[in-house]
Amino acid sequence: SCPKQKQHPEQKRKNAPGPAFLSHLPVTGHPDYIFPLVLTSATQELFCCRADVDVTGDEPHKLLRKEDILRDMKNRAAVSDFSPLKQAVLDYPEEELLLVFDQDFTYGQSFYLVLTAGAKEDILRPPPGMEEEEEEGDELLEVQKTPEPKPWLSLGSEREIQEESVTDTRPRVYKVSRVRRQFGAPVCFWDHSAGAMRGSYVECPSYQDKSFSLWRMEKENSVQAIPNTKSSSSQTLWKYPRNMCTQYEPRELEDEEKERLLQSADLKNFLNSVSARFELAIQQNEIMDVFLDDWRALGDEENVLGGKVDTHLKEYQSFTHTHYSTNKTISCLSWHPTVNGVIAVAVTENLSFEERINNSTRLLLNPSLILFWSFSDPINPQLLLECPDDIFCFEFCPSNPNIIAGGCMNGQVALWDISAHVDRLQGARGGGAARTSNADDTRDIAPPTVRYCAVSGVESGHRAPITDIQWLPETFEVSRTGTPLENKTLISVQIVTCAPDCCVMFWDLRAPRTVVNALTDTKPKPEEKTVENPYGVPSTFKHLDLTWKPLFRVHTHTHFSHSHSPSPTPPDKSVTVGDRPEPPDYGQLHLPSAKHQRQTDDISTKFYVGTEDGEVVYTDWKLEKDNDSGQLFSPKPTHCFRVHDCLVNTVSRSPFYLDIILTVGGWNFAIWKEGVMTGPLVLSACSQKRCSAGAWSLTRPGVMYIGKEDGNLEVWDLLEKTHEPSQIQSVTTFPITCIKPWTVSLKQQLLAVSDHQGTLHILQVPWMLRHPAANELSVSRYFEKEVEHLVYFEKRTEMREREKKQVEAEEQRRRMVRSSFSWWASLLDNICPKNICAGRN
Amino acid sequence: MAEVEETLKRIQSQKGVQAIIIVNAEGIPVKTTLDNSSTVQYAGLIHQLVMKARSTVRDIDPQNDLTFLRVRSKKNEIMIAPDKDYFLIVIQNPTE
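Residues numbered from 1 in each chain as written. Chains lettered and ligands numbered in written order. Predicted model: local features only at pLDDT ≥ 70, side-chain atom pairs only at ≥ 80, totals over all residues. Heavy atoms only, no water.

Going by the annotation in an unreviewed UniProt entry, the name recorded for chain B is Dynein light chain roadblock, with Electrophorus electricus given as the source organism. We quote the UniProt Sequence similarities (unreviewed entry) comment for chain B here in full: "Belongs to the GAMAD family." One UniProt comment on chain B, placed under Function (unreviewed entry), says "Acts as one of several non-catalytic accessory components of the cytoplasmic dynein 1 complex that are thought to be involved in linking dynein to cargos and to adapter proteins that regulate dynein function. Cytoplasmic dynein 1 acts as a motor for the intracellular retrograde motility of vesicles and organelles along microtubules." (UniProt positions renumbered as here; feature names shortened; annotations may be inferred.)

The name given to chain A in an unreviewed UniProt entry is WD repeat domain 63, with Electrophorus electricus as the source organism. Per its UniProt entry, chain A bears the Subcellular location (unreviewed entry) comment "Cytoplasm".

Asker: Residue-level account of the overall build of chain B, with values.
Answerer: When helices and strands are tallied, chain B shows two helices and five strands. Helices and strands appear in chain B in the N-to-C order α-β-β-α-β-β-β. Counting across all 96 residues of chain B, residues that qualify as buried make up 45%. In chain B, the share of contacts with a sequence separation of at least 24, taken over all contacts with a separation of at least 6, comes to 35%. For chain B, the accessible surface area stands at approximately 5200 Å², while carbon and sulfur atoms represent 51% of it. (Helix = DSSP H or I, 4+ residues; strand = E, 2+ residues; numbered from the N terminus. Buried < 20%, exposed > 50% of the residue type's maximum accessible area, 1.4 Å probe, protein only. Contact = heavy atoms within 4.5 Å. Areas by Shrake-Rupley, 256 points an atom, 1.4 Å probe, with all protein chains shown as cover.)

Asker: Can you explain the pairing of strand S27 (residues 648–653) of chain A? Please cite residues and give values.
Answerer: Residues and elements named next belong to chain A. Burial analysis of S27 places six of its six residues in the buried class, which makes it a mostly covered element. As paired strands, S27 and strand S28 (residues 660–665) are joined by five bridges and run antiparallel to one another. Residue pairing across strands places Val648 opposite Gly665, the latter belonging to S28. The antiparallel hairpin formed by S27 and S28 contains six residues in its connecting segment. (Pairing = 2+ DSSP bridges.)

Asker: Please give an account of the pairing of strand S7 (residues 342–349) of chain A that cites residues and values.
Answerer: Residue and element names in this part refer to chain A. Within S7, eight of the eight residues are buried, which leaves it mostly tucked inside the rest of the structure. Residues Val342, Ala344, Ala346 and Thr348 point to one face of S7 and Ile343, Val345, Val347 and Glu349 to the other, with burial holding for every one of them. Between strand S6 (residues 328–335) and the antiparallel strand that follows it, S7, lie six residues; Gly341 among them carries a positive phi value of about 85°.

Asker: Got a sec to walk through the pattern of salt bridges? Specific residues and values, please.
Answerer: All names here are of chain A. Scanning the model with the defined rule gives 19 salt bridges over all chains in all. Residues Arg800 and Glu803 are paired through a salt bridge, measuring 3.3 Å at the closest nitrogen-oxygen approach. Taken as a pair, Arg800 and Glu803 lie in helix H16 (residues 777–831) at a separation of three residues, close to a single helical turn. (Salt bridge = Lys/Arg side-chain N within 4 Å of Asp/Glu carboxyl O.)

Asker: Can you lay out the sheet that holds strand S29 (residues 668–673) of chain A for me, pointing to particular residues and giving the numbers?
Answerer: In a beta sheet, neighbouring strands are held together by backbone hydrogen bonds and run either parallel or antiparallel to one another. Residue and element names in this part refer to chain A. Read from one edge to the other, the open sheet built from four strands follows the order S27-S28-S29-S30, with strand pairing classed as antiparallel. In the strand order of this sheet, the two ends are held by S27 and strand S30 (682–683), each with one partner. As judged from the two bridges shared by S29 and S30, these two strands associate in the antiparallel manner. In the strand pairing of S30, Ile671 is matched with Val682.

Asker: An account of the nonpolar core is needed here, citing residue identities and associated values.
Answerer: Ranked by size, the top nonpolar core spans 23 residues in total, and within it A:Leu271, A:Phe278, B:Leu88 and B:Val90 carry the most contacts. Mapped by element, the contributors of at least two residues to this core are helix H8 (255–263) and helix H9 (265–287) of chain A together with helix H1 (2–12), strand S1 (17–24), strand S4 (77–82) and strand S5 (86–92) of chain B. Core analysis: the next-biggest nonpolar cluster, separate from the first, contains 22 residues, A:Cys332, A:Ala346, A:Ile370 and A:Ile418 among them. (Core = buried A, V, L, I, M, F, W, Y, C linked by side-chain atoms within 4.5 Å.)

Asker: How would you explain the interface of chain A and chain B if you had to name every residue and give the values?
Answerer: Between chain A and chain B, the contact holds 28 residues from the first and 37 residues from the second. Regarding the contact of chain A and chain B, the summed buried area is about 3200 Å², with carbon and sulfur atoms giving 62% of it. The largest contributions to the chain A side of the interface with chain B come from A:Leu262, A:Phe270 and A:Phe278, which together make up 20% of the buried area. Where chain A packs against chain B, one counts three salt bridges. The interface formed by chain A and chain B includes nine residue pairs in polar contact (both at pLDDT 80 or more). Residue assignment for the side of chain A that touches chain B shows that the elements contributing at least two residues are H8 and H9 of chain A. The greatest single-element share of the side of chain A that touches chain B, amounting to 17 residues, is contributed by H9(A). In terms of residue class, the side of chain A that touches chain B is built from twelve nonpolar, seven polar and nine charged. (Buried area = accessible area lost by both parts, 1.4 Å probe. Polar contact = N/O pair within 3.5 Å; in protein donor to acceptor, adjacent residues only side chain to side chain. Nonpolar A, V, L, I, M, F, W, Y, C, P; charged D, E, K, R; others polar.)

Asker: Give a detailed account of the confidence of the model for chain A, specifying residues and quantitative values.
Answerer: Residues and elements named next belong to chain A. Of all residues in chain A, 74% have pLDDT values of 70 or greater, and the mean over the chain is 73. Confidence drops under pLDDT 50 across residues 129–135; counting only partners more than four residues distant or on other chains, this segment forms five contacts. The low-confidence segment residues 430–444, where pLDDT is below 50, has eight contacts with residues more than four positions distant or belonging to other chains. (pLDDT = per-residue confidence, 0-100.)

Asker: Account for the side chain of A:Gln412, naming residues and giving values.
Answerer: Looking at where A:Gln412 falls in the secondary structure, it is placed in the loop between strand S11 (403–408) and strand S12 (413–417). Here A:Gln412 is in contact with A:Pro388, A:Gly406, A:Gly407, A:Val455, A:Ser456, A:Gly457, A:Val458 and A:Ile466, once residues within four sequence places are set aside.

Asker: Run through a nonpolar patch on the surface, naming residues and quoting values.
Answerer: Nonpolar side chains collect at one region of the surface, where A:Ile287, A:Met288, A:Val290 and A:Phe291 lie side by side and expose about 490 Å² of accessible area between them. In this structure, A:Ile287 sits in helix H9. (Patch = residues over 30% accessible without salt bridge, like charges linked within 9 Å, V, L, I, M, F, W, Y side chains within 5 Å.)

Asker: Go over the packing of H9(A) against H1(B), please, and point to the residues and values.
Answerer: For the pair H9(A) and H1(B), the least separation of the axes is 10 Å and the interaxial angle reads 10°. Comparing their axes, H1(B) and H9(A) come out roughly parallel. Across from A:Lys268, A:Leu271, A:Asn272, A:Ser275, A:Phe278, A:Glu279 and A:Ile282 in H9(A), the residues of H1(B) making contact are B:Glu3, B:Val4, B:Thr7, B:Leu8, B:Arg10 and B:Ile11. (Axes fitted to C-alpha atoms, helices over the stretch in contact; angles between N-to-C directions. Parallel < 35°, antiparallel > 145°, perpendicular 65-115°, else oblique.)

Asker: Describe in detail the environment of A:Asp91, supporting the description with residues and values.
Answerer: Mapped onto the secondary structure, A:Asp91 falls in helix H4 (residues 86–91). Distance in space between the C-alpha atoms of A:Asp91 and A:Leu115 is 9.0 Å, their sequence separation being 24 residues.

Asker: I'd like a description of the sheet that holds S12(A), backed by residues and values.
Answerer: All names here are of chain A. Ordered by their spatial adjacency, four strands build an open sheet running S10-S11-S12-S14, and the pairing between neighbours is antiparallel. Looking at which strands have only one partner, the edges of the open sheet turn out to be strand S10 (391–396) and strand S14 (454–455). Bridging between S11 and S12 involves five bridges; their strand directions are antiparallel. Among the inter-strand pairings, Ala405 is bridged to a residue of S12, identified as Leu415.

Rendered as structure tokens:
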């Protein structure tokens, strides 16, 4: 806003002289120390500075006391006219502030307050001799806002510009012109010798200028030594393709060449001269092996350290639980096939049948368990598997160790899936150190319980306790009629069970194929109802639960107690561990139709079964078709041997020889060879105590462990003696129920022995018993010898029979002769005198 | 020819002898009782070995010469008799 322009110089002079420093006023209007303000009439009265009354154009100054202003501000707060100036007033050093009445509105308002003491002084007492400047200042004050153009004030810069600019110092002298038509025309250049025409060039030869021949007499120089480095590169040209490698054939002579050489006398002489050396050398080798270190070879036979030969089985660890395994017996144990240091035992009640019935309510409340022990924790089991009833036998699936199949006392087969807890098992075995920190916590937490995820139907299972269960190896499977078929999925899906109800049943883990057959399938397929999962059981085998039926069954008339797995795979079908596929979803697998599978002819379908009465039965599981009725029935057992006097508790194949089988039962044990049907190869003498368990050693072919009723563990070494055990060791005071060896590493082999009172002992096998001796091959020879022995024995019996017959015949004849002779004698007695008869006699 | 055969048969019949190879001075097999690829391999490798052994012996004493070389390994023993024009290689398994 422009202030009013007043052009009255007289009035100007009448007014209070403006301060000199107003010549440099900024465009905004007021300097910082001037504060234009409006004073209301109330304020004006209060401070006695009423416009045109107290303060006029002649006397515009009024001094206000600082205290008054502050008081006013306090009294009227925001309403006070001085409120914007609060801080400035507080900062004011002196007592009195100058208020100036601005009649002309120079600063935009009717009053202004001077904020600094210096400015106040200047205004009140302006310095003398400032009239002219005041006038100028006034005028400038008037026209400050619109500057007018002024003439250029030169300060010497145009001279510089002139010096820098380029101008012609003289007129241009040379002008080159050309005929118009030649512009743009092609030009032809030619060489011109410079020396030919004189004056066509100007020469500037060099000459020595004396003024520049100065020699510097003293010179400062510095030298630095650096390593001499030079980098250079070169690139070669690849002119032509060249072979990088060549394949060659060994040089060979032609046949004729060879013939010629062989005929030559040269060769003959050479051989004659040289062969003597060879014969000497070869015979030397034959006589004695000079490089053989006898001392070292001797050491291998016995303990290398040279100390006392240790054949004692040392106790490594023992597992028992106060709650889960007291007053119970361990019926079966098994090492976990993949996780090292984990072993599972099945714990059953130690009651007779009547006691079971009497205590059935209590038994129902305490479910039977399978305990998983780990070496890292000897007090608490790692995992508990809940069973529908007491388990007598269980096995890990060979292709998927998370699946466990067990046979119950009531004839059902149960399946468990522990994939969810494998981490716990694996972590438990190795993390002993890591767990010490929270050892207390883990002790308090009860081990997880896994319920069985599928169980066979009660009616379709066995009618007696299942005494043995085996998985079929993953290389073949069996069809509904028992014919072995090729297993395309390469996982074990079939189980064999046997029970004293004279049945051996084959079970399949896959969902049965719903066969649509108009004749037989009368009832509609039941729709699947969603099954709740109250126990949190993994649903791996949901399709089997409670409806599981065996694939087929083999009936015989004998009561089975134990069986073993059928003959293992032929060598060309071996599966390497790396090929094992991921465990499939068992629910998705279906039984393939038999047409699509190839029959494998090289799997034998015969197997050995031990019975309750002590018989060993050799029979075939393949069902045969009866020609008359067309029904399938199981064939009669081919051989039946009664060697044991009591229940057969172990039937096991040797891990080294595929056709040698060990059976243990009653008071003795026997070794059989498959194919030799005349009898057992080795039958041990009856011992004083019953043999309750048996197992082959895993590393020595001739060694087996027999567990006894009195808790002794006998080690039999067939190469040492066969009439008595080579070693007897007392492991526990209760009957031993199961023995299973396990190789942990090359240096350690453990033997798990379970007893009747629920304790699991782990023993360490000493070096002597696990290290195969150099002549283990002789075990096979021993067996062959035994076979020959049997054959010889048989022949001898035949021979004896024949001999006996001969002797009898001879006896008969003699009797006949004698009787006929006596008849003649009596006849002659009647006819002839006595002396003749005497002479005849 | 018959004599050659007879000598070879005599050596062959010794206990433990696995193979006999006759090689000429250049390392090319002349007669062998082993299959072709093994023969060629043996001939090539042993030729080099014999050359090296012979030069070693002669370096130490120029009047000396290599007469017989026996290489005993874990599994068998290789015996080589070098000559001016030929060598004879016999492979034996000493301990049965």
